[in-house]
Protein chains: 4
Amino acid sequence: MIRIGLLGCGRIGQVHARTIKGLESAHVVAVADAMPEAALSLANQIGAEVRDTDAILSGSDIDAVVIGTPTNTHFEQIHAATEASKAIFCEKPVDMSVENIRKLMEGVRRANVPFFTAFNRRFDPNFADLQAQIQAGTIGAVELVQITSRDPSPPPIGYIKSSGGLFRDMMIHDFDMARFLVGEEFVRLSAVGSCLVDPDIGAAGDIDTASVTLTTAAGKICTITNSRRAAYGYDQRIEVHGADGMLRAENILETSVERATAQGFQKAPTMHFFLERYEAAYRAEMVAFIDALQNKGRISPDIEDGLRAQMLADAAAHSLETGRAVEIAP
Amino acid sequence: MIRIGLLGCGRIGQVHARTIKGLESAHVVAVADAMPEAALSLANQIGAEVRDTDAILSGSDIDAVVIGTPTNTHFEQIHAATEASKAIFCEKPVDMSVENIRKLMEGVRRANVPFFTAFNRRFDPNFADLQAQIQAGTIGAVELVQITSRDPSPPPIGYIKSSGGLFRDMMIHDFDMARFLVGEEFVRLSAVGSCLVDPDIGAAGDIDTASVTLTTAAGKICTITNSRRAAYGYDQRIEVHGADGMLRAENILETSVERATAQGFQKAPTMHFFLERYEAAYRAEMVAFIDALQNKGRISPDIEDGLRAQMLADAAAHSLETGRAVEIAP
Amino acid sequence: MIRIGLLGCGRIGQVHARTIKGLESAHVVAVADAMPEAALSLANQIGAEVRDTDAILSGSDIDAVVIGTPTNTHFEQIHAATEASKAIFCEKPVDMSVENIRKLMEGVRRANVPFFTAFNRRFDPNFADLQAQIQAGTIGAVELVQITSRDPSPPPIGYIKSSGGLFRDMMIHDFDMARFLVGEEFVRLSAVGSCLVDPDIGAAGDIDTASVTLTTAAGKICTITNSRRAAYGYDQRIEVHGADGMLRAENILETSVERATAQGFQKAPTMHFFLERYEAAYRAEMVAFIDALQNKGRISPDIEDGLRAQMLADAAAHSLETGRAVEIAP
Amino acid sequence: MIRIGLLGCGRIGQVHARTIKGLESAHVVAVADAMPEAALSLANQIGAEVRDTDAILSGSDIDAVVIGTPTNTHFEQIHAATEASKAIFCEKPVDMSVENIRKLMEGVRRANVPFFTAFNRRFDPNFADLQAQIQAGTIGAVELVQITSRDPSPPPIGYIKSSGGLFRDMMIHDFDMARFLVGEEFVRLSAVGSCLVDPDIGAAGDIDTASVTLTTAAGKICTITNSRRAAYGYDQRIEVHGADGMLRAENILETSVERATAQGFQKAPTMHFFLERYEAAYRAEMVAFIDALQNKGRISPDIEDGLRAQMLADAAAHSLETGRAVEIAP
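Everything numeric here is computed off the predicted structure, so don't read it as measured data.

Chemist: How do you make sense of the relation of the copies chain B and chain C when you look at a structure like this?
Modeler: For the pair of chain copies, the relating transformation is a rotation about an axis with a translation along it. Superposition record for chain B on chain C: RMSD 0.0 Å, screw rotation 180 degrees, translation along axis 0.0 Å. Read as a symmetry element, the transformation amounts to a two-fold axis. Taking C-alpha positions as reference, the residue of chain B nearest the rotation axis is Arg 324 of chain B, located at 3.0 Å.

Chemist: Help me understand the pairing of strand E7 (residues 142-150) of chain D, please; the structure alone is not making it clear to me.
Modeler: Within a regular strand, side chains alternate between the sheet's two faces. Residues and elements named next belong to chain D. Of all the nine residues making up E7, nine are buried; the element is thus mostly covered by neighbouring parts of the structure. Of the pairings in the sheet, the one linking E7 to strand E11 (residues 235-242) comprises eight bridges and is antiparallel in character. Across the sheet, Arg 150 pairs through a bridge with Asp 235, a residue of E11. Sheet topology note: the E7/strand E10 (residues 221-227) ladder contains seven bridges and is parallel. Across the sheet, residue Ile 147 finds its bridge partner in E10, namely Ile 224.

Chemist: Looking at this model, I keep getting lost on the pairing of strand E8 (residues 186-194) of chain D. Mind explaining?
Modeler: Residues and elements named next belong to chain D. Alignment of E8 against strand E9 (residues 209-216), held across eight bridges, turns out to be antiparallel. Its bridge partner being in E9, Ser 194 is matched across the sheet by Thr 209. Across two bridges, E8 lies against strand E15 (residues 326-327) in antiparallel orientation. Looking across to E15, one finds that Arg 188 is bridged to Glu 327.

Chemist: For this particular structure, what's the right way to read the interface of chain D and chain A?
Modeler: Size of an interface: often given as the accessible area lost when the parts come together. Of the residues lining the interface, 42 residues belong to chain D; the matching set on chain A comes to 42 residues. Where chain D touches chain A, the interface holds eight salt bridges. In this structure, Arg 150 of chain A engages Glu 239 of chain D in a salt bridge whose closest nitrogen and oxygen atoms are separated by 3.0 Å. Across the contact surface, chain D and chain A share 21 residue pairs in polar contact (both at pLDDT 80 or more). Within the residue set of the side of chain D that touches chain A, elements represented by two or more residues are E7, E8, E9, E10, E11 and strand E12 (245-249) of chain D.

Chemist: Would you take a moment to explain helix H5 (residues 98-111) of chain B for this structure?
Modeler: Side chains that are three or four residues apart share a direction in an α-helix, a result of its 3.6 residues per turn. Residue and element names in this part refer to chain B. Relative to the 20 Å expected for 14 residues at 1.5 Å per residue, H5 spans 20 Å between its end C-alpha atoms, a close match to the ideal helical length. Those residues of H5 not exposed but buried are Val 98, Ile 101, Leu 104, Met 105, Gly 107 and Val 108. Each element contacted by the buried residues of H5 is listed here: helix H4 (74-83), strand E6 (115-118) and helix H13 (303-322). Between the side-chain oxygen of the N-cap and the backbone nitrogen of Glu 99 there are 3.1 Å, and the N-cap of H5 in question is Ser 97. Just beyond H5, the residue with positive phi is Asn 112, at close to 55 degrees.

Chemist: Any chance you could explain the domain arrangement of chain A here in plain terms?
Modeler: Residue and element names in this part refer to chain A. Domain assignment breaks chain A into domain 1 (2-113) and domain 2 (122-281 + 308-327). Its C-alpha centre places domain 1 at a distance of 28 Å from the equivalent point of domain 2. The interface is formed by ten residues belonging to domain 1 together with 13 residues belonging to domain 2. Looking only at domain 1, the three residues that lose the most surface to domain 2 are Arg 11, Lys 92 and Met 96, adding up to 57% of its buried area. If you look at where domain 1 meets domain 2, you find zero salt bridges. The tally of links from domain 1 across to domain 2 stands at three residue pairs in polar contact (both at pLDDT 80 or more). When contributions to the side of domain 1 that touches domain 2 are tallied by element, the ones reaching two or more residues are helix H1 (11-21) and helix H5 (98-111).

Cut-offs used in this document
Residues numbered from 1 in each chain as written. Chains lettered and ligands numbered in written order. Predicted model: local features only at pLDDT ≥ 70, side-chain atom pairs only at ≥ 80, totals over all residues. Heavy atoms only, no water. Least-squares fit on C-alpha atoms with pLDDT ≥ 70 in both. Buried < 20%, exposed > 50% of the residue type's maximum accessible area, 1.4 Å probe, protein only. Helix = DSSP H or I, 4+ residues; strand = E, 2+ residues; numbered from the N terminus. Pairing = 2+ DSSP bridges. Contact = heavy atoms within 4.5 Å. Salt bridge = Lys/Arg side-chain N within 4 Å of Asp/Glu carboxyl O. Polar contact = N/O pair within 3.5 Å; in protein donor to acceptor, adjacent residues only side chain to side chain. Expected span 1.5 Å × (residues − 1). Domains from an automatic or database assignment. Buried area = accessible area lost by both parts, 1.4 Å probe.

Take a look at the structure:
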């Protein structure tokens, strides 16, 4: 039975808490949150204690910590958890600074603690199946990957300002997905970006529409497009072209009902809310983490995956600024 | 070079004339129509003579006649063509009376003239492929067939009155398709029908909405549904369920464009006009007829197919009248 | 807080127990099962007591009973629950005998106890949306309904023998769906059926492939087809044709991944297992039941819905036997 | 009646000749080809004369020339046709050299002769509908365009060597489509390309897999991906994302038949051959050209469109060589 301490009782912390509650092999011992009522409310729901963060990080009855706190607190929490030899499940991004992630990675490796970077989309049943089919060779060698990721509408401008920018906040998921699918590191990247959705986003120094093209040493190509707006819902699609065929994962619609009228054939919009769209993925990633702990299996995605995605996001930001293609450090 | 006489220069006659004009192995020598201007206009377009019907039926320079005249003239024309040993291509229905068709069939067999009943839908590339896949065993033994056939809107009430009723005018295509797909004769049939679209149709003694269920001696089941109205266009679908799977042919939409908005994902209506929807089928059936004549191949569908479909239409009408299942004569 | 006693701790009982555990407005006080270990195991999982059936039916701390026991025990349990003024949630079929259901209905009405017949498919989000769209008038007046329902593979022959036959065991869901969608009672029905899947089913006196056509007094038509086998998974589709258009609910596939190769474009099979396919429906029906109890809302589907579906199943069996159309008693 | 001289009797010349034969408002007076038998054969088929190229270009009975000869002969033919004041329909590319096209454009403008650059895909009914929907504002302002264009298999290596390279031979269609859809000029472009399909293509100095990203002054983004190989057929798709929604045109499959088996749901490959896939487009572009001549309407796409596409192809080649983004001259 894995004993878990949960840091951060917000939306995503609650999702993880509910998943763990349904598992036989783990339970949440204690929760912490900067807002005491949030911690208390979640603790009551799942039958856990409220403790402060430090008490959880050092608790002798805690095997693993799940970190769902704001990004700027990750560094210290991961550092402390590493020192205390806890297994770590950390929401993305691990940290806004590649330098910091490198430091944490050294510590994690030295202490040999299991570290899971929560790139949940790898665990979406559809994307996971797509990747498994690539691995199984159903379309031969991968040649071209196209990832489309569009939010239904932009987040509040306050969120944008502290987000690290579209590449680090939103496209980072797609950078990880690209690495996951291609199975090789990218060596070069070129980014373009515009502010087309909301001028306030531009005024805040960010973009809301972007396209990034990445290449591997072997010449495999990946294009990612992002938009902060999609009238028809949350648009999450992947297409992979290989020597022997193509795989694509389409959007998930709200219902399977189609209506045919004089205007034509109409289906429902896509699922709108990311927690609903990726509900199965959030569950599956936690199950995978607990399972790896129990069976001493390989943890994946790990902290290096977190680092690599952040490096690509940094490179994209740099490419956008300079208007030039950027080489990725190996 | 097959020399053809064309009887009837209306919409469907023109379609056949244009097809033949594009073929290297046949040409239209002469055309006839009750309306002289119609005959003259088509003759000019395709470089043919205008003759009267009898002259065509007895012409020594005519190898085959294509009959696209009103149904009530078919009997005499087929009779004369048979006597003159012409090959015959006849639009459905061969005749409204099963008795008459039997008589014609005897003549055709005695004279050994090639006779093609123009059930064009067998030659639609999609339905033809579906049937070929059944034959190839891709879904194992056929168990259940569902045929959906709906017109965009009802024909003029005048047409309805002389049409022989929905079963003989509209569902006859589906009866032939059912036989074509199942490859066994049906032994029993049960029909229901309603007037839901237009009360004038009911007043004219006909129905506009119907469902017929047929069974073979081996217990294979086919359901056909018809409606004289479909807001979204011409609805023509087939689904066949077999021991190892299912085949279905979907509608053909006007374009491949999909629009996604806050209301969802919208595609175009189906192709609306039967001559456009079945354009490839009309061409292919004529090519098949000419080809069979040239190569002395088997003519299919033949006059017996025309007879069988008419028998099923009669049985459906009888079942609707009596409210009882009807056995089909072997 | 609604206090619930659960009768039957099998597969479906467990599903309901887990749903109730997740609700704030209800909890399972006690469970019973003919197999003590089954009861004990479920009781432990959800924190309930084990009692015997009678104790639950008469328990003063029980507001409602959920009946998931074998059909042949329903009559006595419903009778006892009615006498004890418990609200009742009963799996379909209520009873194999229409006569018995009528008796139970009289008791339920006299005692004025809430009675929910668990036709879960009404609560499938897709079918519920389809029905809501009909109600909202998006396709005008309903004219033709086509319900397709095919199991992945036949149940064990032992199950078949005690099932009451395909119409009462399998198509009963579709009879209820037809009533739900059309919103009018059917007055006439005609059935055909064959044994094409497994000769043992025929030897047991049952069929495995069937088609039933129903009509309302207003002439609306519904066709239902069933098969005990579908190579591609659990096939559950509905199509409704109305004056102004068509609604259809397609199958739910295992994943959204499509693979394109030289053979074409391939998608996953349909979800295979009914508990998984209708997971959301099982949850939603229980939520609706509890909600109606709490808010003294209308219970639907109720015991009369259970009766009506059973009457249609009986009529279909009678039609199949006699080879004739059957009038449905009002 | 527009009198046409046809230069080049190869595959595409034959397509245009057949289209014109079917029109009432134009006819082919004479044809020319470097191979006399090719010219003779086509002339016989359509009832035209064989002449030599110069005789056609200067013929007083010729109103318009259709140029379907090898690209390296275009310059002189266009020059001569311009001098002789003939209307010109020219296959893409107008010329391999932007400088040459500029010279021709000056001549064409000075002489005021109608000049049609045959970017046939603008006339595909699906793409034309998509563009018309953009124009009609159905998805608001365009933000992101994704064009996917993949050939079933690479052309012979001899063709590759004289093709001008993937950008000028294959992606030039997509560059024109991008301009057509976005309705603004692109100001900046960045290209990547690899040789993944056939090493011989790389040895010939070309690439077979590529991605190009273009941006307009307003920040609109277009990504184009090309591959010389697609196992599943000729892959031709467009997706346009706008402020209020998305439009996409999907591939055209060989049939509408879907087969469901234990492996899932399988549809046919895409149409494989470009002349078949774009049959309607080839016809429609010629109709548009003739129509514009007859009605003195605007010719579109014109020679400047040919120039612009070539400039983008050159820029892409330059970007690939230098590994840098390239500004497009206004």
